[in-house]
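Observations on the three-dimensional arrangement
Residues per chain are reported as follows:
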There are 4 protein chains.
Amino acid sequence: MSAAPPDSLERLRRRLAKFAAERDWDQFHSPKNLAMALVGEAGELVEHFQWISQEQSRTLDTDKRQAVAHELADILIYLIRIADKLGVDLIGAAEAKILINESRYPRDKVRGDARRAEEYE
Amino acid sequence: MSAAPPDSLERLRRRLAKFAAERDWDQFHSPKNLAMALVGEAGELVEHFQWISQEQSRTLDTDKRQAVAHELADILIYLIRIADKLGVDLIGAAEAKILINESRYPRDKVRGDARRAEEYE
Amino acid sequence: MSAAPPDSLERLRRRLAKFAAERDWDQFHSPKNLAMALVGEAGELVEHFQWISQEQSRTLDTDKRQAVAHELADILIYLIRIADKLGVDLIGAAEAKILINESRYPRDKVRGDARRAEEYE
Amino acid sequence: MSAAPPDSLERLRRRLAKFAAERDWDQFHSPKNLAMALVGEAGELVEHFQWISQEQSRTLDTDKRQAVAHELADILIYLIRIADKLGVDLIGAAEAKILINESRYPRDKVRGDARRAEEYE
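Only a predicted model underlies this, so the values are computations on that prediction, with no experimental measurement involved.

For helix 5 (residues 90-104) of chain C, built from 15 residues, the straight-helix expectation of 21 Å at 1.5 Å per residue is met to within 8% by its first-to-last C-alpha distance of 21 Å. Looking only at helix 5 of chain C, the buried set comprises Leu90, Ile91, Ala93, Ala94, Lys97, Ile98 and Asn101 of chain C. Take helix 5 of chain C and look down its axis: the buried residues cluster within an arc of 155°, on one side only. In helix 5 of chain C, those exposed residues whose orientation departs by more than 90 degrees from the buried face are Leu99 and Ser103 of chain C. Contact partners of the buried residues in helix 5 of chain C: helix 1 (8-22) and helix 4 (62-86) of chain C together with helix 1 (8-22) and helix 4 (62-86) of chain D.

Set out below in structure tokens:
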């Protein structure tokens, strides 16, 4: 009887931890620094979309879509690293946040309305 | 004979797609807008770390760690949504990026050195 | 014969330096930390625009415009502080950058085209 | 009797408005898009500091300091453009914000303490 194979995020987490350890980079990977790296990548993501319309952003050509995929990958990589360094279960945290969102944004109240939660009431 | 259960990211993807559809929010969820939402959350993440030292960022107290976990969750949620909207396989993109990083940052060359790739040579 | 009064940015620089000194906050105001604070405020700025259309962003109502003005102020404040800490002349740096932009984006070549510079050629 | 020469920020505002008009770029310069461009530049700023210590960030070498000055210039440029598009007086907004900060962070209460305002009480 074998255990279930580790989840894809867990496999990435282990691989990234090994990557950093082999390069002696854990000394640089404080959550503070990793948060900076993440927001830097998020800024690069935004740059791909800053001068195009929402409609254009829905139908990227192959090259641009590939470039965006690389930014998304970079963000995921730093997200996994921060969570790992802080001992946060990313999937569990996302599931908990979705529950909160479901109660903050009841279907019938917010249908078709994207104002932010704090703008209600 | 049963298929393997869907991966955790895939389960989140489906749940978030349903969440948006039920609220008629897909009209707001252009990749352009989702990228903005993601960088906004990344900014909130950084705010938790801006006045503390790297050392302090490694040992957050329970409340702050919980608050940071919520920001990480928000980032993951928007990351999954953008990837979904663009048809990008997040795990595959991250694996491809790690391969690139392994060749850009050979262990023996970068050990203990965190300069960015473009600063080499 | 009197000297010209200091420029508005210079007056703000002095006032912010005094503000920090009186609170003994220079110890926290490393360029690293101030850059984090700035990107956090930039994230807050973006949040005001993330779910609205470009057209709506051009015609904000009074409350939203006021809220955006506060974010712009926060960004300017941190911008002045970083420049001060690094001894950078903000106005001079902007003038130098505009000259660069004028040569990178010649009028006749880029008229009506907002692709980023690196995407040319 | 001559009027005072326009302030440095006002001169930059006019020059940037002309720059955009000559390139027919006002169509792209919605506040939404400009906010994205600004946060992208803020992300680039942060990238310069992400792997170095606070102490190192206080003493950049000439090349790095020059590169950072360019990022600061880019941020100022987009800041001026957004303010212009929204009819916001940047200097006035910053002065108003400093008054708020002075009352939120009384000298005697926050001396040497950089916790964020909402964390007080």
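What follows continues from the structure just given.
This next bit is on the side chain of Arg23 of chain D. Structurally, the position occupied by Arg23 of chain D is in the loop between helix 1 and helix 2 (31-47). From its side chain, Arg23 of chain D meets the backbone oxygen of Phe19 of chain D in a polar contact 3.1 Å long. Each residue touching Arg23 of chain D, except ones within four places of it in the same chain, is listed here: Glu102, Tyr105, Pro106, Arg107, Val110, Arg111 and Gly112 of chain C.

Before going further, it helps to examine the interface of chain B and chain C. On the side of chain C, 19 residues touch chain B, which itself brings 19 residues to the contact. Of the roughly 1500 Å² buried between chain B and chain C, counting both surfaces, carbon and sulfur atoms make up 63%. It is Met36, Gln50 and Trp51 of chain B that lose the most area in chain B upon contact with chain C, and together they represent 39% of the buried surface on that side. Put simply, chain B and chain C have zero salt bridges between them. Seen at the junction of chain B and chain C, the total is two residue pairs in polar contact (both at pLDDT 80 or more).

Definitions and cut-offs
Residues numbered from 1 in each chain as written. Chains lettered and ligands numbered in written order. Predicted model: local features only at pLDDT ≥ 70, side-chain atom pairs only at ≥ 80, totals over all residues. Heavy atoms only, no water. Helix = DSSP H or I, 4+ residues; strand = E, 2+ residues; numbered from the N terminus. Expected span 1.5 Å × (residues − 1). Buried < 20%, exposed > 50% of the residue type's maximum accessible area, 1.4 Å probe, protein only. Arc of directions from axis to C-beta. Contact = heavy atoms within 4.5 Å. Polar contact = N/O pair within 3.5 Å; in protein donor to acceptor, adjacent residues only side chain to side chain. Buried area = accessible area lost by both parts, 1.4 Å probe. Salt bridge = Lys/Arg side-chain N within 4 Å of Asp/Glu carboxyl O.

All quantities given are derived from atomic positions and should not be read as evidence of function.
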